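# Observations on the model geometry
The chain contents come next:
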Protein chains: 2
Amino acid sequence: MAEPTERSELPNELADLLGDRRLVIGSSRGPYTFLPQSDGRLAINRCGGGLVTAMMCVAEASAATWVCAASSPHDRAMAEHDPRVALPPGNPSFEMRMLPIPEDVYDRYYNTIANPLLWFVQHYLWDLTREPSYDDTTLAAWNEGYVTFNETFADAIAEECGSTPEPLVMLQDYHLYLCPAMLRARGCTAPLTHFTHVPWPGPEYFRVLPSYMRTPILEGLLSADIVGFHTQRYVQNFLWTCRQVGGYEVDFEKQQVESASGTTTVRAYPISISESTIRELAAADEVEDRMETLREVAGDATVIVRADRADPTKNILRGFEAYRLMLRNHPELRGKVVFFAMLYATRTGIEHYRRYLAEIEDIVARVNQEFGTEEWRPIRLRIADDYFESLAAMRSCDVLLVNPVFDGMNLVAKEGPLISDRDCVLVLSENAGAYEEMGRACLAVNPFDCRQTAEALYEAITMDKKDRAERAAVLREIVSRNDSVKWLYHQLRDADEVAKVCNSRSKPTTASGPSTVKSADVTTSSAASSEATATENPPTDPPSRSSPNRSNAATSVTSSPRTIA
Amino acid sequence: MAEPTERSELPNELADLLGDRRLVIGSSRGPYTFLPQSDGRLAINRCGGGLVTAMMCVAEASAATWVCAASSPHDRAMAEHDPRVALPPGNPSFEMRMLPIPEDVYDRYYNTIANPLLWFVQHYLWDLTREPSYDDTTLAAWNEGYVTFNETFADAIAEECGSTPEPLVMLQDYHLYLCPAMLRARGCTAPLTHFTHVPWPGPEYFRVLPSYMRTPILEGLLSADIVGFHTQRYVQNFLWTCRQVGGYEVDFEKQQVESASGTTTVRAYPISISESTIRELAAADEVEDRMETLREVAGDATVIVRADRADPTKNILRGFEAYRLMLRNHPELRGKVVFFAMLYATRTGIEHYRRYLAEIEDIVARVNQEFGTEEWRPIRLRIADDYFESLAAMRSCDVLLVNPVFDGMNLVAKEGPLISDRDCVLVLSENAGAYEEMGRACLAVNPFDCRQTAEALYEAITMDKKDRAERAAVLREIVSRNDSVKWLYHQLRDADEVAKVCNSRSKPTTASGPSTVKSADVTTSSAASSEATATENPPTDPPSRSSPNRSNAATSVTSSPRTIA
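Notes on the structure in this doc start here. These numbers were taken from a predicted model, which means no experiment stands behind them.

A word on the overall build of chain A. Each helix and strand in chain A was counted, giving 21 helices and 19 strands. For chain A, the residues scored as buried account for 63% of the 565 residues in total. In chain A, the proportion of contacts linking residues at least 24 apart, taken out of those at least 6 apart, comes to 78%. Just so you have it, chain A exposes about 20,200 Å², and 48% of that area is on carbon and sulfur atoms.

Below, the structure is given as structure tokens:
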């Protein structure tokens, strides 16, 4: 069991909010994963991604238990042997509990329900003429995949809450929609937040889901005290979905929904990055090396960069199409610009993703063939999982293209402008969550409008130095002001309000034991949460914090090496 | 020029509302079209479709001018010769004015912008990973197609209003979104309604349109006094779109939007059919003949019917997939059921539609191959434009499948239950506009859920006689109570309220002439309409009407033969 580190590693205001409370975090993907080394032994590796990076900060500082799925055969083997891992290795401060989800359950949950079904619905990506089309397989994947997956989490988290004096449960993302209701059904009365890291669609598109999914998904989420999203647009969409699809009573002013489980407060908490972490990573030798290589390729050319998972949400095809249009309309730029596309393959178990990757390679080949010469290749496509290379590209770029069809937040849009050595111009889709914050200093594009995107690329390439510098300064300022600590701060502050109500009212039910609580007790808990004080909106800033603590916290995050034997 | 017929042909309450007012109707498709006969001469034919049938009633009774596009080469030739046609032929009571839209303008407007772009956006049909993708062609099709098309209408309608003492302008559908603003810019101060016959999507999906379309579309619609849709869902979506995309001030209670053009009232008017018209048509000899043929094919089998345009919105592929699932799960039904699919090819100038038709033929072949025997073909696919045959199928059916992905209203869902000789069970998509009225007596399905649709088909086939009869009675009652006269009545009543305000305030600006009005005058007109009295919601019923008048009106509609030499 991990020995908690000092609270001082957490920025003061977060520590104040947490008090003696311990976090129980639930997310499908965990913060670390086991991978075999060349000598055959398993090594534990730190995972990337915005969620992990942001949550790690409080996990370490609150001696959290982080419940996650053992998704690979290696993780599964380790989890069956001993599910609890003290982390970070060598200097443990929190605990990861890996759930050994059986492979067939995981496959149904992940490859049929979570991706592509929920993912595509939440990003408006289905070609509805033909897909989705639900049959017995879908129903089985739901019942014996997604539901079972959530039940396994609920069992484990309820158990953790039972052995923790003052738990605060923070569930993450679309993988765990059912978990809040399952926790309540298991007698868990802890304050409970759920955060969705993807967009929430309008009610009519949410209705694309079969009724045996949409009803429990809404009931599940509305069993949480706080439901969080990245933007006000998603909050509004969720509130409308609750009213129109679920028939719930919704207060649009207070952003609250009444259900049998009590009151749920719905809030936007735009996720961000840790400035010091990313700056430190971007300064690593590995990044400098790769910048050198990029410089050799690019020469004097203006550098356009994109860095994405090869996911249909990212709109990679139209990005290249826009670049092609620009090269057609501005022949004077041929040979004077280069497009580095740093992609990494993802979800290759799903046909849509394999096809998408093939289409990407195809359009790159066609653009390079149309305009390429012996000296100049217009697009440099790199398909690899090399974060250092992405950082090197972002540091080197003059123009950063972030044009997703729809995207929950998109942290590349925040990382790039922060670390760019060249005051990069951000060409940003109005459908990226980041647009709500960064819209005023980017060049905004409709992601379906290749003509407009081509013009924006041209404008970015030819923008004068002063304008670039001014925009870049604004973008940096936006990212610095709302970093990942603030994302957590606002959630913990709101959860604290809920907890005060819970503490003063539902303690007796906790005493009755976690798994024998009857529905009456659940109702008590709901009634308690229904009186949770409404928090302000938009959220107020946290009190000014002492920078030493903050940089300590950042260090404690960044100092975790990416691979630990 | 047509001599108006007596007002008595119109149901009393409509006549009262119209008073001395004359309608100027604008719709892309007109009520009649010219077609060559075998002897080479052109004959004028009555067009079908819910819009034409419903509007014809008031057109005839108000001596309306119906402005429409000459869309075929024959219509264009006739329109260039003489754009005005007195109709119906032989017994004229209103006038059709055909606009000779140049072929290239029409092609851009129709085949690029209206279909598939607007159509697919309003039905959530794009495969957003790949389409739409806007380039210079899209912009040109907008500027030199859709905009020009609307301008041509605005010029003609402004002219008609100028020569009509008390005009009421009723614009129809997604082809004419820009027309209201263009009319105001031309000084037209007449009360103006716009009715959209397709769904209105949520704000986020509306944003799929490029900004150079969505801004003028909203400005266009908000220049109308009344904006109508088929259902409350579309009204809500439109109001949200106005607020979220356009940034307009929206009163969700009153269902009104404030814009620079004043106040626009947004209302649901569910379109319907004329009971007497459809009953009369369904009793025609041509229908009886075709029923005979169907009976020979079906024998004692239970008859499932669908009757649709071969449009992706209609969800024809999943309908057959559901039927296949049902035959798999219920082998005892093989040979005892037959599925008549009465389809007619549509928009074959568009690749999506050609591909869709091919996919339909493919799945039919596969299902017939999987289950068919020498004696029994499970699906009888008929691709033809034979309304009598559709009526024959509807009269003969035990089960009517109406499972659109999304559909503005879907009049088959109203026609079928009304004329079925066999108390047909309606299996209805929850995404058809008709579902808002008919949901309580149909078997509702999620159109994407083939498993559920298969179960609903099975339930419908095996439903006992009493249950069938009770449901059928409720469905008939719903259709009878809200017929096409009521659809018009509510619109005219609300327009009448607007007109009272306009009459008392904007007469002076009318005097200043139609085409020389400056923006100040437009503002005056806007200010007037902004004080239009809000009408109640939901709309109250019209006063009880004398049935003789009503059946007269119906006769005047149905007596128009479908083909007139």
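Picking up where we left off.
Before going further, it helps to examine helix α11 (residues 285-298) of chain B. Since there are 3.6 residues in each turn of an α-helix, residues three or four apart along the chain are aligned in direction. Residues and elements named next belong to chain B. When the terminal C-alpha atoms of α11 are compared, their 20 Å separation across 14 residues agrees well with the 20 Å that a helix rising 1.5 Å per residue should span. Buried residues of α11: Val-287, Met-291, Leu-294 and Ala-298, and no others. Down the axis of α11, the smallest arc covering the buried residues is 65°, so these residues share one side. Exposed side chains of α11 directed beyond 90 degrees from the buried face belong to Asp-285 and Glu-296.

Contacts between the two partners involve 52 residues from chain A and, on the opposite side, 52 residues from chain B. The contact between chain A and chain B buries some 4,100 Å² in all, and 45% of this surface belongs to carbon and sulfur atoms. When the buried surface of chain A facing chain B is broken down by residue, A:Thr129, A:Arg130 and A:Glu204 rank first, second and third, together holding 17% of it. Counting across the interface, chain A meets chain B through eight salt bridges. One salt bridge connects B:Arg451 with A:Asp136, and the closest N-O pair in it is separated by 3.6 Å.

As a further point, take the sheet that holds strand β11 (residues 256-259) of chain B. Residues and elements named next belong to chain B. The strand order across the open sheet built from 10 strands is β5-β6-β4-β1-β7-β8-β9-β12-β11-β10, with neighbouring strands paired in mixed fashion. Single-partner strands in this sheet number two, and they are β5 (84-87) and β10 (249-251). This sheet shows a mean twist of 20° between the axes of neighbouring strands, independent of strand direction. Taken together, the four bridges between β11 and strand β12 (residues 262-268) define a ladder with antiparallel strand orientation. From the neighbouring strand, Gln-256 faces β12, where its bridge partner is Thr-265.

Before going further, it helps to spend a moment on the packing of helix α14 (residues 387-396) of chain B against helix α15 (residues 412-419) of chain B. Residues and elements named next belong to chain B. Interaxial distance between α14 and α15 falls to 8 Å at its minimum, and their mutual angle equals 55°. Put simply, α14 runs oblique to α15. In this structure, the crossing between α14 and α15 has a hand that is right-handed. Touching Tyr-387, Leu-391, Met-394 and Arg-395 of α14 are Val-412, Glu-415, Gly-416 and Ile-419, all from α15. Residue composition of the contact of α14 with α15, by class: five nonpolar, one polar and two charged.

Our next topic: the pattern of salt bridges. The tally for this structure, following the rule as stated, stands at 79 salt bridges over all chains. In this structure, the salt-bridge partner of B:Asp362 is B:Arg366, at a minimum N-O distance of 3.1 Å. Taken together, the residues span about one helical turn, with B:Asp362 and B:Arg366 both in helix α13 (residues 351-371) at a distance of four residues. With relative accessibility at 39%, the residue B:Asp362 sits in the partly exposed group. In this structure B:Arg366 comes out as partly exposed when scored by relative accessible area, which is 38%. One connected set of salt bridges, linked through shared partners, spans A:Arg84, A:Glu95, A:Arg97, A:Glu159 and A:Glu160.

Residue and element names in this part refer to chain B. Within strand β4 (residues 65-69), five of the five residues are buried, which leaves it mostly tucked inside the rest of the structure. Neither face of β4 is left uncovered, since the one carrying Thr-65, Val-67 and Ala-69 and the one carrying Trp-66 and Cys-68 both have all their residues buried. In this structure, strand β1 (residues 22-26) lies alongside β4, joined through three bridges in parallel fashion. Bridging across to β4, Val-24 finds its partner in Thr-65. With five bridges connecting them, β4 and strand β6 (residues 94-99) associate as parallel partners. Bridge pairing in β6 links Ala-69 to Leu-99.

Superposition of chain A onto chain B requires a rotation of 180° combined with a translation of 0.0 Å along the rotation axis, giving an RMSD of 0.0 Å. On the angle and the small slide along the axis, the relation comes out as a two-fold axis. Taking the C-alpha atom as reference, chain A places A:Asp127 closest to the rotation axis, 2.0 Å from it. Most of the interface of chain A is mirrored in chain B: 100% of its interface residues are interface residues there too.

Bringing the sheet that holds strand β14 (residues 337-344) of chain A into the picture now. Residues and elements named next belong to chain A. Sheet architecture is open: six strands sit in the order β15-β14-β13-β16-β17-β18, paired in parallel fashion. Only two strands of the sheet have a single neighbouring strand rather than two, namely β15 (379-383) and β18 (443-445). Strand-to-strand twist in this sheet, taken as the mean axis angle between neighbours without regard to direction, amounts to 20°. Looking at chain direction, strand β13 (residues 302-309) and β14 are connected through eight bridges and run parallel. Counterpart to Arg-309 in the pairing with β14 is Tyr-344. Running at roughly 140° to β14, helix α11 (residues 285-298) makes contact with β13, β14 and β15 of the sheet.

Turning next to α13(B). All names here are of chain B. The terminal C-alpha atoms of α13 lie 31 Å apart, and with 21 residues this matches the ideal 30 Å at 1.5 Å per residue to within 8%. Restricting attention to buried positions, one finds in α13 the residues Tyr-353, Tyr-356, Leu-357, Ile-360, Ile-363, Val-364, Val-367, Asn-368 and Phe-371. Seen end-on, α13 carries its buried residues on one side only, within an arc spanning 130°. On its buried side, α13 packs onto α4 (103-122), α12 (316-329), β14 (337-344) and β15 (379-383).

Time to look at the packing of aromatic side chains. All told, the structure shown has 56 aromatic pairs over all chains when counted by the stated rule. Centroid distance A:Trp142 to A:Tyr146: 4.8 Å. Interplanar angle 10°. Geometry classified as stacked. Here A:Trp142 pairs with A:Tyr146, and both are found in helix α5 (residues 136-162), just four residues apart, close to one helical turn. For A:Trp142, a relative accessible area of 3% gives the class buried. Arranged with centres 4.7 Å apart and planes meeting at 40°, the rings of B:Tyr124 and B:Phe406 form a pair that is tilted. Residue B:Tyr124 is found in the loop between α4 and α5 (136-162), and its partner B:Phe406 is found in the loop between β16 (399-402) and α15; the two are separated by 282 residues along the sequence. Assigned by exposure class, B:Tyr124 and B:Phe406 land together as buried. One aromatic cluster in this structure is built from A:Tyr124, A:Tyr205, A:Phe406, A:Phe448, B:Tyr124, B:Tyr205, B:Phe406 and B:Phe448.

This part takes up a negative patch on the surface. Residue and element names in this part refer to chain A. A surface patch of like charges, here negative, comprises Glu-249, Asp-251, Glu-253 and Glu-258. Structurally, the position occupied by Glu-249 is in strand β10 (residues 249-251). With a relative accessible area of 60%, Glu-249 lands in the exposed category.

For soluble globular proteins, the rule of thumb is that nonpolar side chains tend to be buried together. Judged by nonpolar contacts, the single largest core of 148 residues is most densely connected at A:Ile217 and B:Ile217. Beyond its immediate stretch of four places on either side in the chain, B:Ile217 contacts B:Leu118, B:Trp142, B:Tyr177, B:Leu178, B:Trp200, B:Phe206 and B:Leu209.

The rules behind the values
- Residues numbered from 1 in each chain as written.
- Chains lettered and ligands numbered in written order.
- Predicted model: local features only at pLDDT ≥ 70, side-chain atom pairs only at ≥ 80, totals over all residues.
- Heavy atoms only, no water.
- Helix = DSSP H or I, 4+ residues; strand = E, 2+ residues; numbered from the N terminus.
- Buried < 20%, exposed > 50% of the residue type's maximum accessible area, 1.4 Å probe, protein only.
- Contact = heavy atoms within 4.5 Å.
- Areas by Shrake-Rupley, 256 points an atom, 1.4 Å probe, with all protein chains shown as cover.
- Expected span 1.5 Å × (residues − 1).
- Arc of directions from axis to C-beta.
- Buried area = accessible area lost by both parts, 1.4 Å probe.
- Salt bridge = Lys/Arg side-chain N within 4 Å of Asp/Glu carboxyl O.
- Pairing = 2+ DSSP bridges.
- Axes fitted to C-alpha atoms, helices over the stretch in contact; angles between N-to-C directions.
- Parallel < 35°, antiparallel > 145°, perpendicular 65-115°, else oblique.
- Left-handed = near helix turned anticlockwise from the far one by under 90°.
- Nonpolar A, V, L, I, M, F, W, Y, C, P; charged D, E, K, R; others polar.
- Least-squares fit on C-alpha atoms with pLDDT ≥ 70 in both.
- Phe/Tyr/Trp six-rings, centres within 6.5 Å; stacked < 30°, edge-to-face > 60°.
- Patch = residues over 30% accessible without salt bridge, like charges linked within 9 Å, V, L, I, M, F, W, Y side chains within 5 Å.
- Lys, Arg positive; Asp, Glu negative; His and termini not counted.
- Charge placed at Lys NZ, Arg CZ, Asp CG, Glu CD.
- Core = buried A, V, L, I, M, F, W, Y, C linked by side-chain atoms within 4.5 Å.

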